[in-house]
Structure formats: C-alpha cells, structure tokens
Amino acid sequence: MIIYNVTINVDETIHTEWREWMKTHIPQVLATGLFTKALFTKVLVKEDMGGTTYSVQYHANSKNALLHYQNEFASKLQADGLKRFGDKMLAFRTELEIVDEFSVTKN
C-alpha cells in the first residue's frame, strides 16, 4: 500500500473558498480509480509562515497505480488549483509506503 501525501499551506484570504474547492477536487482525484480512499486532515501545528496547513492522504494499492496517476492525471488536476489560487497556496508531496499496520483490539 502506498500513501500519496499532499501537504498544503493555505493563505487565510482564500481559506474558505479553497476548502469548498477541495470538496470537489478530492472526489475528482478519486474518480481516476487509482486510489482506494483519501483522508483530508488539518495540521494542528502553527506554521511560522502563517496560514492554515492541511494534508490529504491518498491511498493507492501499488506504486504503479501512483505512477499512472502522476503520469496521466496529476498535472491537469494540480493546474486547476494553481489557476484558481496561485501563490496563495503552497503544496508539497511525499510518497509513503506502508510497512506494517497495527490496531487496538477489544477484548
């Protein structure tokens, strides 16, 4: 399992509009069929640069699925956000591989 993590710092002047846009953007990414789910989270640590930081974690079954997304869909979907919000948002992406998963079991 691969997690494609996108961390975005959003300027307060576009915050509300950006959050609304994400409600359509994330489903568009999922509609590619290359991810099994997405988690949209708010980073609780305050950034020195200001703004509010979020993380979207897209789960893919394989590295090949992620590569397919990056090669076929990423540029177009990312361009929409840049066109709308420009330098009022700053994003960086990381790729994570799940090594093991643990959970609490109830007795």
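Scroll up to find the structure this text is about.
Rules used in this analysis
Residues numbered from 1 in each chain as written. Predicted model: local features only at pLDDT ≥ 70, side-chain atom pairs only at ≥ 80, totals over all residues. Heavy atoms only, no water. Salt bridge = Lys/Arg side-chain N within 4 Å of Asp/Glu carboxyl O. Helix = DSSP H or I, 4+ residues; strand = E, 2+ residues; numbered from the N terminus. Buried < 20%, exposed > 50% of the residue type's maximum accessible area, 1.4 Å probe, protein only. Contact = heavy atoms within 4.5 Å. Pairing = 2+ DSSP bridges.

Caption draft 1: Representation of the pattern of salt bridges in the model. The full count for this structure, using the stated rule, is three salt bridges. A salt bridge links D80 to R84; the shortest N-O distance between them is 3.3 Å. Here the residue D80 and the residue R84 both occupy positions in helix α3 (residues 74–85), the gap between them amounting to four residues, near one helical turn.

Caption draft 2: Spotlight on the environment of N61. For N61, the location among the structural elements is in the loop between β3 (52–60) and α2 (63–72). Classification of N61 as exposed rests on a relative accessible area of 56%. A sequence separation of 13 residues divides N61 from A74, and the C-alpha atoms of the two residues are 17 Å apart. With near-sequence residues (within four places) excluded, N61 lies in contact with M1 and T36.

Caption draft 3: View of the pairing of β3. Counted residue by residue, β3 has eight buried out of nine residues, so it is predominantly covered. In this sheet, β3 lies alongside strand β1 (residues 2–10) in antiparallel orientation, the contact comprising nine bridges. If you follow V6 over to β3, its bridge partner there is V56. Relative to β3, strand β2 (residues 37–42) is paired through six bridges, and the arrangement is antiparallel. The residue of β3 that forms the bridge with A38 is Y58.

Caption draft 4: Quick look at the environment of F35. Relative to the elements of secondary structure, F35 occurs in the loop between α1 (15–30) and β2. As a C-alpha pair, F35 and Q57 span 22 residues in sequence and 9.9 Å in three-dimensional space. Dropping the residues within four chain positions of it, F35 is found in contact with Y4, V29, L30, Y58, H59, A60, L66 and Y69.

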